[in-house]
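Architecture and fold: a report
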Amino acid sequence: MPIRQMKESSETHIVIKTQPFKQHNPKIVQNGKIPPSPPLPPPATATVVGQSQASSPSPPSKNRCRRRNRGGRKSDQGDVCMRPSSRPRKPPPPSQTTSVVVSGEIVAVNHQMQMGVRKNSNFAPRPGFGQLGTKCIVKANHFLAELPTKDLNHYDVTITPEVSSKSVNRAIIAELVRLYKESDLGTRLPAYDGRKSLYTAGELPFTWKEFTVKIVDEDDGIINGPKRERSYKVAIKFVARANMHHLGEFLAGKRADGPQEALQILDIVLRELSVKRFCPVGRSFFSPDIRTPQRLGEGLESWCGFYQSIRPTQMGLSLNIDMASAAFIEPLPVIEFVAQLLGKDVLSKPLSDSDRVKIKKGLRGVKVEVTHRANVRRKYRVSGLTTQPTRELMFPVDENCTMKSVIEYFQEMYGFTIQHTHLPCLQVGNQKKASYLPMEACKIVEGQRYTKRLNEKQITALLKVTCQRPRDRENDILRTVQHNAYDQDPYAKEFGINISEKLASVEARILPAPWLKYHENGKEKDCLPQVGQWNMMNKKMINGMTVSRWACVNFSRSVQENVARGFCNELGQMCEVSGMEFNPEPVIPIYSARPDQVEKALKHVYHTAMNKTKGKELELLLAILPDNNGSLYGDLKRICETELGLISQCCLTKHVFKISKQYLANVSLKINVKMGGRNTVLLDAISCRIPLVSDIPTIIFGADVTHPENGEESSPSIAAVVASQDWPEVTKYAGLVCAQAHRQELIQDLYKTWQDPVRGTVSGGMIRDLLISFRKATGQKPLRIIFYRDGVSEGQFYQVLLYELDAIRKACASLEPNYQPPVTFIVVQKRHHTRLFANNHRDKSSTDRSGNILPGTVVDTKICHPTEFDFYLCSHAGIQGTSRPAHYHVLWDENNFTADGIQSLTNNLCYTYARCTRSVSVVPPAYYAHLAAFRARFYMEPEIMQDNGSPGKKSTKTTTVGETGVKPLPALKENVKRVMFYC
């Protein structure tokens, strides 16, 4: 059918229900069990627009409608093995679609979504299991947990006076259990979450009861002698009973809604003993006894530990155990910590203003204990640092304001002589009534996690600790399970939970690598990657671009002009060899500049080049940067991409001197896509043989939100969306970015409307803009949408899907009445703790060179969700450490993908990443969105901030606009938007 032109004006039509495009020759999937689709309410009465009498002589039955809308049975498009063919096949024409449209009043949420994605409803059900690929067995760090037969009871806990510390709450309940377990608690051993909830296996002898408990004040610090006691009232009240039968049915796949409370109770029960033994951080536990702590520098050390979480899976309840590491503050004497923090001797050299600022930041909020009193180790939290040295500090000792020096006080009161009087004192307590403690009389309390940002050296040191070969990691996990001795755990016994000590054996499949197409002029016109990698030897980029006008700016003092010139020549030659056309002569001679003059230098090069070329703009700017360049890289990208409209490629000094062929080849790949070219494409894409992509114009989106680091309370979050701009190749991705509220996960600018005094209501947003640019680039409107969403935790699945799918719907409806292409919405997760290991580490045919499972390994059974459509895919070859598979969760699927269809598509796309000749660990559109969001953080306006007399510190911050909004990022220049500038 002819494709009508997409309108860019605002429409008042909102699509309420869509039926996916019909598939040719649909067959019922026979390759796996299909969970039954739950019944939905009948659709609302609405006018059917554009329904063909010929294609639908009779109204469809209710069951057919429901199955379609919920993505029940799938077409057999994924059973075709994707082998290269010399004959390209024409894609079949799209069949006519039926849409239900309501015009007039705008409905708050799309009706189909109201029916299909409400809190107690399902995500896309699993359409069956994948069959494609070579079958093998892998081991997963999941341990089978036997389901308890008893019902679990939930009780509310109220402690008076209220306590904010979880550890104090736990101490109170532990004392209550010690005193009353055998009597009032009816011999029950409860599990407690540290806040408001208490759980028991079987009922307590009461529905409400109040207890009085006295506990010792741990911060009192008296070692020998009476300690202060505090009295608390604890009220325990019955709330509800968790139904274990419901959980059993859910795990067996007989019902789709998981009883979250039952899972939460079991998680708390299995954590109870570890909370007492180790230092809990989130879902992980750490201890200096698990492995000897390693110094990270600047007063920090790494502690090893383990992650633990109970998960519902197809094999039943599973306990996911993984190794973990985290940075902790080293329990040093404070003076030694300060010396490490500053990297200098603080006993003989005076402190500068910047030293004081660094000490204050490093110690604020840290718990210390005093060491100057023989039998007292009282603990305090540091609130600040005195501006004066200890020798100058005086304070009032009575109501008459009689002043006494800190030195005199400590000598008279404790017989303690302060040696280092030139150092400031620690301020502890609140600011109004601060107490002074000399640094030499304090030691840092053990077990305090460091939550601020680590520097490069610390990150490197921590990675060395965490980086383990697969076999070593597997052995450590098994040792952890044995050490935790769940069979001896009194809480697990009380609740009737048994944990296996064996890793789960899981059936996996190794998907074949896709054939890649290169240019016909190269010796090798196509390529089959081996173990997730290949190279550019004897190959030319399939769409090599031309660079006629370029310039180079050198910000590195150590790089002489002849060295820079030689590097540019080598890079130009590599671009030529790789299939580009690259003018050997720059528009102007290489320009050298100081890093602190970046804006001036860039504008000088830009305008000088424009004058030389009589108004023609530079196509490429090469920039040579010092290895340690601070904010230079970010400033350069911000100025080039938002002010000048320049495409830039930065190169570090160390690479300029080394001139490695591999490095030059990788840089040439980046330059080509930044210029708008393609490096390679999937052979199946240009042969039109990718199921549910090649048949009709398909756009693939990637989206991500990056949040500011810990401690940055005012910085906005950055959202990025990229979308493919070519079809059927699906290789080029244009990207858009926006700033949004601090730590807001929902992408706010996917679709938006605003009032224009002339045009009235105007529609916009990132989805709409990218749909329009796809139409301009391909001449066709997308008839199918595949949306990969990165960075969403399981607890946010519902709200992200509801909000963002609705925004996609509205963006489509604003372009053309009745325009509602079917959407598949997939969440991509990398921050999980499932690891897959080879079944036999000695079998070299089942591992890559790093000892990891082979690229293309996919798992959709046993350790995956009981009913929902998810899978683990390890699409990359390991380099060092243990590979982390990506977890893909299909939340919504109107395109009716089979398991093989979406798994093969995702795996094949991982071979199209533009920046290297390796398959990558995350599907490229999600990867590109992450890169774009990271790049956009450099676009925030730099402000000169002063922190306690430390001028000139550069910080990125956006000023807030109103109560909820943030200042928008500077707009990308149009020529930058069109290409993969973020690569």
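The following paragraphs examine the structure supplied in this document. Not measured: the values here are computed from a predicted model. (Residues numbered from 1 in each chain as written. Predicted model: local features only at pLDDT ≥ 70, side-chain atom pairs only at ≥ 80, totals over all residues. Heavy atoms only, no water.)

Describing the overall build of the chain
A tally of regular secondary structure across the chain gives 22 helices and 47 strands. Out of the 983 residues belonging to the chain, those deemed buried represent 54%. Taking the intrachain contacts of the chain between residues at least 6 apart in sequence as the baseline, contacts between residues at least 24 apart amount to 74%. Surface summary for the chain: the accessible area is close to 44,000 Å², and the carbon and sulfur share equals 50%. (Helix = DSSP H or I, 4+ residues; strand = E, 2+ residues; numbered from the N terminus. Buried < 20%, exposed > 50% of the residue type's maximum accessible area, 1.4 Å probe, protein only. Contact = heavy atoms within 4.5 Å. Areas by Shrake-Rupley, 256 points an atom, 1.4 Å probe, with all protein chains shown as cover.)

Brief notes about the packing of aromatic side chains
Working definition: an aromatic ring pair is given by the centre-to-centre distance plus the angle between the planes. Within this structure, the stated rule accounts for 27 aromatic pairs. For the pair Phe410 and Phe416, a centre-to-centre distance of 6.4 Å together with 65 degrees between the ring planes defines the contact as edge-to-face. Both residues of the pair, Phe410 and Phe416, count as buried. Put simply, the rings of Tyr733, Tyr913, Tyr927, Tyr928, Phe981 and Tyr982 pair up and form one aromatic cluster. (Phe/Tyr/Trp six-rings, centres within 6.5 Å; stacked < 30°, edge-to-face > 60°.)

Let's talk about the pairing of strand β39 (residues 823–829)
Of all seven residues making up β39, seven are buried, and the element is well covered by its neighbours. Burial along β39 is two-sided: the residues Val823, Phe825, Val827 and Gln829 and Thr824, Ile826 and Val828 are all buried. Regarding topology, helix α19 (residues 797–813) serves as the crossover connection from strand β38 (residues 784–790) to the parallel β39, and that connection is right-handed. Looking at chain direction, β39 and strand β43 (residues 886–893) are connected through six bridges and run antiparallel. Opposite Phe825, over in β43, you have Trp892 as the bridge partner. (Right-handed = clockwise from strand over helix to strand, strands pointing away. Pairing = 2+ DSSP bridges.)

What about helix α3 (residues 166–180)?
Three or four residues apart is the spacing at which side chains of an α-helix point the same way, because the helix has 3.6 residues per turn. If you check α3, its first and last C-alpha atoms are 21 Å apart, about what 15 residues at 1.5 Å a residue would give, namely 21 Å. Those residues of α3 that sit buried are Asn169, Ile172, Ile173, Glu175, Leu176 and Val177. Of the surrounding secondary structure, the elements contacted by the buried residues of α3 are β6 (152–160), β7 (191–192), β8 (197–201), β9 (208–216) and β10 (229–242). (Expected span 1.5 Å × (residues − 1).)

Considerations on the state of the cysteines
The tally for this structure, following the rule as stated, stands at zero disulfides. Sulfur of Cys640: no disulfide; nearest cysteine sulfur belongs to Cys650 and is 7.4 Å away. (Disulfide = S-S within 2.5 Å.)

Looking at the sheet that holds strand β22 (residues 442–444)
Spatially, β21-β20-β17-β16-β22 is the arrangement adopted by the five strands of the open sheet, whose pairing is antiparallel. Sheet topology places β21 (435–438) and β22 at the edges, where each strand pairs with a single neighbour. Between one strand axis and the next, the sheet turns by 50 degrees as a mean value, whatever way the strands run. Here three bridges tie strand β16 (residues 367–370) to β22, and the two strands are oriented antiparallel to one another. In the strand pairing of β22, Val368 is matched with Ile444. Along the sheet face, helix α6 (residues 334–342) touches β16, β20 (424–428) and β22 and points at about 60 degrees away from the line of β22. (Axes fitted to C-alpha atoms, helices over the stretch in contact; angles between N-to-C directions.)

Digging into the sheet that holds β7
Read across the sheet, five strands follow the order β7-β8-β6-β10-β9 without closing on themselves; strand pairing throughout is antiparallel. Edge positions in the sheet fall to β7 and β9, since each of these pairs with one other strand and no more.

Quick notes on the environment of Met766
Along the chain, Met766 turns up in helix α18 (residues 766–778). Residues Met766 and Val722 lie 44 residues apart in sequence; the distance between their C-alpha atoms is 8.8 Å. Ignoring anything within four residues of it in the chain, the contact list for Met766 reads Ala719, Val721, Leu736, Val737, Cys738, Ile747, Asp749 and Leu750.

Concerning helix α21 (residues 924–936)
The terminal C-alpha atoms of α21 lie 18 Å apart, and with 13 residues this matches the ideal 18 Å at 1.5 Å per residue to within 8%. Among the 13 residues in α21, 10 count as buried, and that is most of the element. Along α21, the residues that are buried comprise Pro924, Pro925, Ala926, Tyr928, Ala929, Leu931, Ala932, Ala933, Arg935 and Ala936.

So, the side chain of His876
Inspection of the secondary structure assignment puts His876 in the loop between β42 (869–874) and β43. Looking at His876, the relative accessible area reads 14%, which means it is buried. Setting aside residues no more than four positions away along its own chain, His876 makes contact with Lys830, Pro855, Ser883, Arg884, Ser919, Val920 and Ser921.

Overview of the pattern of salt bridges
Under the counting rule described, the total for this entry stands at 46 salt bridges. A salt bridge links Arg689 to Asp684, with the nearest nitrogen and oxygen atoms 3.1 Å apart. As far as the burial class goes, Arg689 and Asp684 line up, both buried. The partner of Glu894 in a salt bridge is Arg809, and the shortest N-O contact between them spans 2.3 Å. You can see Glu894 sitting in the loop between β43 and α20 (899–909) and its partner Arg809 sitting in helix α19, a full 85 residues away along the chain. No difference in accessibility class separates Glu894 from Arg809, as the two residues are buried. Salt bridges sharing common partners tie together Glu599, Lys603, Asp635, Arg638 and Glu643. (Salt bridge = Lys/Arg side-chain N within 4 Å of Asp/Glu carboxyl O.)

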